[in-house]
Amino acid sequence: MKSTRDLTRLALLTAAALVLGYIEGLFPALVPGVPGIKLGLANTVLLYAVYLLPPGSAWALMLAKVVLSSALYAGFGTALFSLGGGVLSLGAMLLVRRLSGESVSVVAVSVLGAACHNLGQSLVFAAVGSARAALFYLPYLLLAAIVTGALTGVVARYAMRAIPGGK
């Protein structure tokens, strides 16, 4: 059983991720004509969880973010895409974090997470939509993942330094 402190932290992180995701949704697409490219500000919260919380808490945070953001903003039609991206992304980030310890930077883990998120969403789109379209967009999404993942990683690195108990 989690302590009240752990549950409170998880609730606050979920709220922060939801607010950042909502704010990000107010901005126009980063690359017009290429769907799905976002900065991923809410992922700074997930990076915090990867580095500073137990893996189970990181999984709970990702699932809460997917379910609640789908219910509140995006609709459940997007939940499958978010879940596919979230599972692949978080799984890869946790694995690299576990295997590498401190030898891989937060920025590199963020880029990996962004790329895996886009790959996961593309796999879902290939399964439920058009495999051809998914393959067409994938290079653009992976290129964008390098840029957005790096930016998100830098934000997360500075945010974790500012938070008591951070790196």
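Worth saying up front: this structure is predicted, and the values here are computed from it rather than measured. Per chain, residue numbering runs from 1 following the sequence as it is written. Given that the model is predicted, a residue must reach a pLDDT of at least 70 before its local features are reported, and side-chain atom pairs must reach 80 or more before they are shown or counted; all residues, however, enter totals for whole chains, interfaces and linings. Processing note: side-chain calculations cover all non-hydrogen atoms of the structure and skip hydrogens and water entirely.

Let us look at helix 6 (residues 131-162). The terminal C-alpha atoms of helix 6, which comprises 32 residues, lie 43 Å apart, in line with the 46 Å expected from a rise of 1.5 Å per residue. One axis fitted to the seven residues ending at a residue, another fitted to the seven starting there: the angle between these axes is the bend at that residue. Secondary structure elements are taken from DSSP: a helix is a run of H or I of four residues or more, a strand is a run of E of two residues or more, and numbering for both begins at the N terminus. By the largest-angle criterion, L138 marks the main kink of helix 6, which is about 35 degrees, and a proline, P139, follows within four residues. The buried label goes to any residue with under 20% of its type's maximum accessible area, the exposed label to any with over 50%, and the partly exposed label to all in between, with areas taken from a 1.4 Å probe on protein chains only. Among all positions in helix 6, only A134, L138, L141, A144, A145, T148, G149, T152, G153, A156 and M160 are buried. Residues of helix 6 that are buried sit in contact with helix 2 (43-52) and helix 5 (106-128). Expected span of a helix, by definition, is 1.5 Å for each gap between consecutive residues, and there is one gap fewer than residues. In this analysis, two residues are considered to be in contact whenever any of their non-hydrogen atoms come within 4.5 Å of each other.

Let's shift gears to the nonpolar core. In summary, soluble globular proteins display a tendency toward joint burial of nonpolar side chains. L13, L46, V50, Y51, L61, L90 and M93 are the most contacted members of the largest nonpolar core, which totals 23 residues. Listing elements by their share of this core, those giving two or more residues are helix 1 (4-25), helix 2, helix 3 (55-74), helix 4 (79-100), helix 5 and helix 6. With seven residues, helix 2 is the single largest residue contributor to this core. In this view, L13 contacts V45, Y48, L53 and L61; residues no more than four positions away in its chain are not counted. Only buried residues count toward a nonpolar core. Its members are Ala, Val, Leu, Ile, Met, Phe, Trp, Tyr and Cys residues joined through side-chain atoms within 4.5 Å.

Axes here refer to lines fitted to C-alpha atoms; in helices the fit is confined to the stretch in contact. Angles between the N-to-C directions go from 0 to 180 degrees. For the pair helix 4 and helix 5, interaxial distance at closest approach is 7 Å and the crossing angle is 145 degrees. Helix-helix and strand crossings are classified by hand; for helix 4 and helix 5 the assignment is right-handed. Contacts between helix 4 and helix 5 pair L80, F81, S82, G84, G85, G86, L88, S89, A92, M93 and V96 from the former with V109, L112, G113, C116, H117, L119, G120, Q121, L123, V124, F125 and V128 from the latter. In this classification, Asp, Glu, Lys and Arg are treated as charged, Ala, Val, Leu, Ile, Met, Phe, Trp, Tyr, Cys and Pro as nonpolar, and every other residue, Gly included, as polar. Among the residues forming the contact of helix 4 with helix 5, the class breakdown is 14 nonpolar, nine polar and no charged. Put simply, a crossing is left-handed when the front helix is turned counterclockwise from the back one by less than a right angle, and right-handed when it is turned clockwise.

Our next topic: the environment of S103. Along the chain, S103 turns up in the loop between helix 4 and helix 5. We classify S103 as exposed; its relative accessible area is 62%. Nitrogen and oxygen atoms within 3.5 Å of one another constitute a polar contact, given that in protein one can donate a hydrogen and the other can accept it, and given that sequence-neighbouring residues count only through two side-chain atoms. A polar contact of 2.7 Å, which involves the side chain of S103, links it to the backbone oxygen of S100.

This part covers the side chain of S69. Among the structural elements, S69 can be located in helix 3. Judged by relative accessible area, S69 falls into the buried class, the value being 17%. Within the local environment of S69, its side chain forms a polar contact with the backbone oxygen of V66, the two atoms lying 3.4 Å apart. Residues in contact with S69, not counting those within four places in the same chain, are L18, A64 and A74.

Put simply, helix 2 and helix 6 touch, their axes get as near as 9 Å, and they point 55 degrees apart. Taken together, the axes of helix 2 and helix 6 are oblique relative to one another. The element helix 2 and its partner helix 6 pack so that their crossing is right-handed. Contact with helix 2, carried on its side by N43, T44, L47, Y48, Y51 and L52, involves T152, G153, V155, A156 and M160 of helix 6 and no other residues of that element. Here roughly perpendicular refers to angles of 65 to 115 degrees, roughly parallel to angles under 35, roughly antiparallel to angles over 145, and oblique to all remaining angles.

What follows concerns helix 3. End to end, helix 3 covers 26 Å across 20 residues, agreeing with the expected 28 Å (1.5 Å per residue, within 8%). Where the residues of helix 3 are buried, they touch helix 1, helix 2 and helix 4. Two residues or fewer after helix 3 comes G75, characterised by a positive phi angle close to 90 degrees.

There is a patch of nonpolar side chains on the surface, built from V19, Y22, I23, L26, F27, V67, L68, L72, Y73 and F76 and spanning about 1000 Å² of accessible area. At the level of secondary structure, the elements contributing two or more residues to the nonpolar patch comprise helix 1 and helix 3. With respect to the helices and strands, the residue Y22 is situated in helix 1. Every patch collects residues that have over 30% relative accessible area and no salt bridge, joining them within 9 Å if they carry like charges and within 5 Å if they are nonpolar side chains (Val, Leu, Ile, Met, Phe, Trp, Tyr). The method behind every accessible area is Shrake-Rupley, applied with a 1.4 Å probe, and residues are considered shielded solely by the protein chains displayed. We define a salt bridge as a contact between a side-chain nitrogen of Lys or Arg and a carboxyl oxygen of Asp or Glu at a distance within 4 Å.

Any functional reading would require information that these geometric values do not contain.
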